[in-house]
Amino acid sequence: MEPKLADQLNTPAIVVDLDITERNIRNFQSYANQHGFKVRPHIKTHKLPALAYAQLAAGADGITCQKISEAEAMLDGLQKQYGLSPDLLITYNILGSEKLDRLKALAHRTKLSVVADNMTVINGLSEAFANEAQPLTVLVECNTGADRCGVATPEAAAELAKAIHNAAGLHFGGLMTYPPANAHAAVENFMEQAKQKIEASGITVPLITSGGTPSMMSAAEAAVVTEYRPGTYIYNDRSLVERGACSYDDCAFFVLATVVSVPSDNRAIIDAGSKTLTSDLFGLSGYGHVLGRDDIRIDQLSEEHGRLVSNKPINLKVGDKVRIIPNHVCVVTNMFDSLYIQRNGMVTESWPIAARGKLV
């Protein structure tokens, strides 16, 4: 496509500034290199093989996916476009024969590891891989305070590590967690205890992997961690700005919307509603930040409309374009089939979002 300004695009549209994106990738990779741990970025934020390639080219040792379908899309794209078969980690309990068959197919194509936090998952993985030529690497997922998945104690982690070590078709690959922000002390305490208990059984712990963008620039405080899995850092979003993890100058992704109605002096309506900005609040007031207009709040969404309000004259007219940093960028990516790429202030091309909308 011919280069154009973002304001010339049909809306609603999503735009990624590649200059900021690449800077974000470099900044964290440099921090990780300085402190001696590996980076395995989570692709759930961008869902694009081209950006996974950029992360790998910058020095990442592999990529993280949350679903088998994401892993399939990433592997397809990276193999076809770049001739790469990256090291893949799927950080989700995988259950069911259909998914396990697809997991085996992935394992035939590239180096693969998964996680588990219970014996039902471990038994299913073992049954599926018992007759495979190469064992499947399985990490124990640990709960270090986020209270989502994960075993609750270092003792439980050690028991599952032994079960994986003894299971047919499986290889124990280490420990994994997704902690709350700034929980480095909790991660250090839990993982160090679990590591000692596992090693006391004669089992090596080759990897301890943690993640989370909000506190990634202090990740080295948990010295036991050997790998980190940031996701949102590649784009950043309003929630991260509000937490002090970045500034709006570090936000590489914005939603472009058009004002379609100005029914009063302090109110305007845009063509971006819950099917664009999503309903994620992340504890914030409003559904995104309008760049350059700190006085405006997006206080209400319907499916195809967003309401902008201000405590002073809103000074917008029908046809004006606004740029919005979403509260949570990862889910907005998943609402679109494609996005626009901006370089040096100009929109230069459109990329399909390879892994969006995948169900499993």
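Residues numbered from 1 in each chain as written. Predicted model: local features only at pLDDT ≥ 70, side-chain atom pairs only at ≥ 80, totals over all residues. Heavy atoms only, no water.

In plain terms, the rule: UniProt positions are given in the numbering used here, feature names are shortened, and annotations may be inferred rather than shown by experiment.
In the nomenclature of an unreviewed UniProt entry, the protein corresponds to D-serine deaminase-like pyridoxal phosphate-dependent protein from the organism Pseudochrobactrum saccharolyticum. In UniProt, the protein has this text filed under Sequence similarities (unreviewed entry): "Belongs to the DSD1 family."

Comments concerning the sheet that holds strand 6 (residues 136-142)
Rule in force here: At least two DSSP bridges between two strands are needed for those strands to be called paired. A run of DSSP states H or I qualifies as a helix once it reaches four residues; a run of E qualifies as a strand once it reaches two. Both are numbered from the N-terminal end.
Pairing is parallel in the open sheet, where 8 strands are placed in the order 2-9-8-7-6-5-4-3. The sheet is open, and its two borders are formed by strand 2 (38-39) and strand 3 (63-65), each paired with just one other strand. Here strand 2 runs beside strand 9 (residues 227-229); their pairing, made up of 2 bridges, is parallel. For V39, the partnering residue across the bridge sits in strand 9 and is Y228.

Here's the deal with the pairing of strand 16 (residues 338-343)
Where strand 1 (residues 13-17) lies against strand 16, 3 bridges are found, and the strand directions are parallel. Following the sheet pairing, V16 is matched in strand 16 by I341. Alignment of strand 16 against strand 17 (residues 346-352), held across 6 bridges, turns out to be antiparallel. Counterpart to R343 in the pairing with strand 17 is M346. The hairpin formed by strand 16 and strand 17 contains 2 residues between the paired strands, and N344 there has a positive phi angle of roughly 50°.

Things to note about unusual backbone geometry
Applicable threshold: Using a 1.4 Å probe on the protein chains alone, a residue whose accessible area is under 20% of its type maximum counts as buried, one over 50% counts as exposed, and one in between counts as partly exposed.
Residues T11 and P12 are joined by a peptide bond in cis, for which omega reads -5°. Within the fold, P12 resides in the segment before strand 1. The phi torsion at N182 lies on the positive side, around 60°, for a residue other than glycine. Secondary-structure assignment places N182 in the loop between strand 7 (170-177) and helix 7 (184-200). For N182, a relative accessible area of 57% corresponds to the exposed category. Not every positive phi belongs to a glycine, and N236 is a case in point at roughly 70°. Its location among the elements puts N236 in the loop between strand 9 and helix 8 (238-242). Given a relative accessible area of 6%, N236 falls into the buried group.

Considerations on the environment of I90
The criterion, for reference: Only heavy atoms matter for contacts: two residues are in contact if any of them lie within 4.5 Å across the pair.
Along the chain, I90 falls in strand 4 (residues 88-90). According to the relative accessible area criterion, I90 is buried, its value standing at 0%. Contact partners of I90, with chain neighbours within four places excluded, come to C65, Q66, K67, I68, A71, L103, L106, L112, S113, V114 and V115.

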